[in-house]
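The primary structure of each chain is shown beneath.
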Amino acid sequence: MRIRDWDRNLKVRLFGEALMNTTFWMFFPFMAIYFADSFGKETASVLLIVSQLFSVAANLLGGYCADLFGRRRMMVLSAYGQGAAFFVFALASSPWWQSPLVGFLCFTFAGICGAFYWPASQAMVADVVPEKDRSHVFAVFYTSVNVSVVIGPTIGGVFYPDHQFALLFAAACSCFAMATLLAKQLRETAPLAADRQKAGAWPQFWREQLRQYTVIVRDRTFFLFIAAGVLVAQTFMQLDLLIPVYTKETLEGETLWGGFTIDGANAFGLLIAENGLLVALGTVMVARYMERHDERWAFIGSSVLYGVTMWLFSHATSIVGLMAVMVLFTLAELMTAGLQQSFVSKLAPEDMRGQYFAAASLRFTIGRMLAPLSLAAVTWIGYTWTFVVLGMLALASAGLYAWMFRQAGQRAQRSDVSLSR
């Protein structure tokens with residue numbers, strides 16, 4: 001399915017989100033370093049966990065709201081909310097006012113808004129794209145994000161140390177521009193959105209939400225998908241948590257080809273750019289290759305490869321070694337790019353897509369909530385054993401994926417509908 005054949009909603013989002021994501025990635029990879037320097041590693045670890053607790057709740061609520069109030073409304077409100085959060089964060093990092101605590105509160109609020117945006121945006125893709133093309137469309141969006149991951153940190157690595165205010169202000173402006181674009185250009189795609197009754201009293205609202213998510217939890221295949229995703233997330237979430245701190249503290253100044261010298265902080269920016277470039281170049285190609293094979297081996301193989309890369313990271317002490325490991329890390333990432341959202345869309349009933357995508361993204365919100373524990377673990381057991389534990393969690397997720405596909409096979413036999421290609 002070519003981009004020119006896409007629904008207009010998706011075209012608008014593809015280019016608008018590319019701008020917003022680029023400005024976001026100019027500063028986001030450096031947040032772990034910022035909070036660790038401001039509060040200390042252990043305190044930063046606790047604060048980041050607390051931040052993600054709010055995002056978990058917002059994520060579940062966001063899925064329900066996307067189904068009840070519509071995809072467009074939730075995406076517009078979320079983008080405006082993120083813009084406001086980044087604007088205040090910029091003020092708290094300005095030459096006139098420095099407040100890491102206010103910055104953390106704004107970072108938390110921006111995360112909450114992002115948790116509302118995600119399920120609505122994913123459900124919109126499922127609303128307008130036929131099932132056979134969804135994996136490809138999701139892969140293109142994933143590629144777009146990672147083009148931003150190439151450009152953003154490259155610019156941020158140059159300007160962030162001395163121009164944090166300007167980068168945060170640019171992020172705020174891009175979010176406001178994105179929200180305005182969505183409000184003017186998007187149409188609603190939620191099934192029967194116009195005919196739905198508005199929510200009543202808050203107690204009734206929460207009871208209804210709890211009832212809907214209870215139905216999801218009873219879906220054993222989907223529950224295992226989330227559990228396995230949370231475990232493996234402990235590895236790839238370290239790309240903007242443990243790995244930047246690790247490279248900064250363990251990699252000394254190293255002279256590369258042509259006499260160019262790079263230190264630990266610059267090395268991390270180079271690793272992020274490498275990851276983003278590889279994803280941008282390889283996502284669609286790898287996704288198409290994986291579509292021709294059983295989904296089972298894509299999920300299991302990705303988790304195993306993540307586990308291996310964690311062990312290799314603990315033994316890489318040069319920029320060349322880290323870049324080589326990053327190639328394998330990125331391959332593990334690409335093996336399931338596109339397949340995950342497509343898998344969720346096949347499991348989700350049409351009238352509960354927003355909630356299923358919200359629940360599915362718990363892999364990331366809960367994963368990100370737990371991932372900062374790695375920063376505290378370093379102070380207890382050191383980098384080597386922390387990476388080893390992370391690798392073991394990835395291997396455990398491979399076991400859960402194997403169990404999940406056995407459950408999926410039994411479900412397919414009962415319903416005569418195959419969930420695997």
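Draft legend 1. Highlighting the state of the cysteines. For the structure on display, the rule yields zero disulfides. Cysteine 113 provides the cysteine sulfur closest to cysteine 175, a residue in no disulfide bond, and the two sulfurs are 9.0 Å apart.

Draft legend 2. Quick look at the packing of aromatic side chains. Counting across every chain of the model gives 23 aromatic pairs. Measuring from centroid to centroid gives 6.4 Å for tyrosine 80 and phenylalanine 176, while their planes differ by 40 degrees, and the two rings are tilted. Of this pair, tyrosine 80 sits in helix H4 (residues 71-91) while phenylalanine 176 sits in helix H7 (residues 164-185), and the two are 96 residues apart along the sequence. Given the relative accessible area of 34%, tyrosine 80 is considered partly exposed. Between phenylalanine 313 and phenylalanine 387 the ring centres are 6.1 Å apart and the planes differ by 25 degrees, which places this aromatic pair in the stacked class.

Draft legend 3. Seen up close, the side chain of asparagine 9. If you trace the backbone, asparagine 9 turns up in helix H1 (residues 8-24). Within the local environment of asparagine 9, its side chain forms a polar contact with the backbone oxygen of arginine 187, the two atoms lying 2.8 Å apart. Beyond its immediate sequence surroundings of up to four residues, asparagine 9 is in contact with Met124, Gln185, Leu186, Arg187 and Thr189.

Draft legend 4. Region of interest: the packing of H1 against helix H5 (residues 100-128). Running from N to C, H1 and H5 cross one another at 145 degrees; their axes reach a closest spacing of 10 Å. The chirality of how H1 crosses H5 is left-handed. Contacts from Asn9, Leu10, Arg13 and Glu17 of H1 reach H5 at Tyr117, Ser121, Met124, Val125 and Val128. When its residues are assigned to classes, the contact of H1 with H5 shows five nonpolar, two polar and two charged.

Rules of the game
Residues numbered from 1 in each chain as written. Predicted model: local features only at pLDDT ≥ 70, side-chain atom pairs only at ≥ 80, totals over all residues. Heavy atoms only, no water. Disulfide = S-S within 2.5 Å. Phe/Tyr/Trp six-rings, centres within 6.5 Å; stacked < 30°, edge-to-face > 60°. Helix = DSSP H or I, 4+ residues; strand = E, 2+ residues; numbered from the N terminus. Buried < 20%, exposed > 50% of the residue type's maximum accessible area, 1.4 Å probe, protein only. Polar contact = N/O pair within 3.5 Å; in protein donor to acceptor, adjacent residues only side chain to side chain. Contact = heavy atoms within 4.5 Å. Axes fitted to C-alpha atoms, helices over the stretch in contact; angles between N-to-C directions. Left-handed = near helix turned anticlockwise from the far one by under 90°. Nonpolar A, V, L, I, M, F, W, Y, C, P; charged D, E, K, R; others polar.

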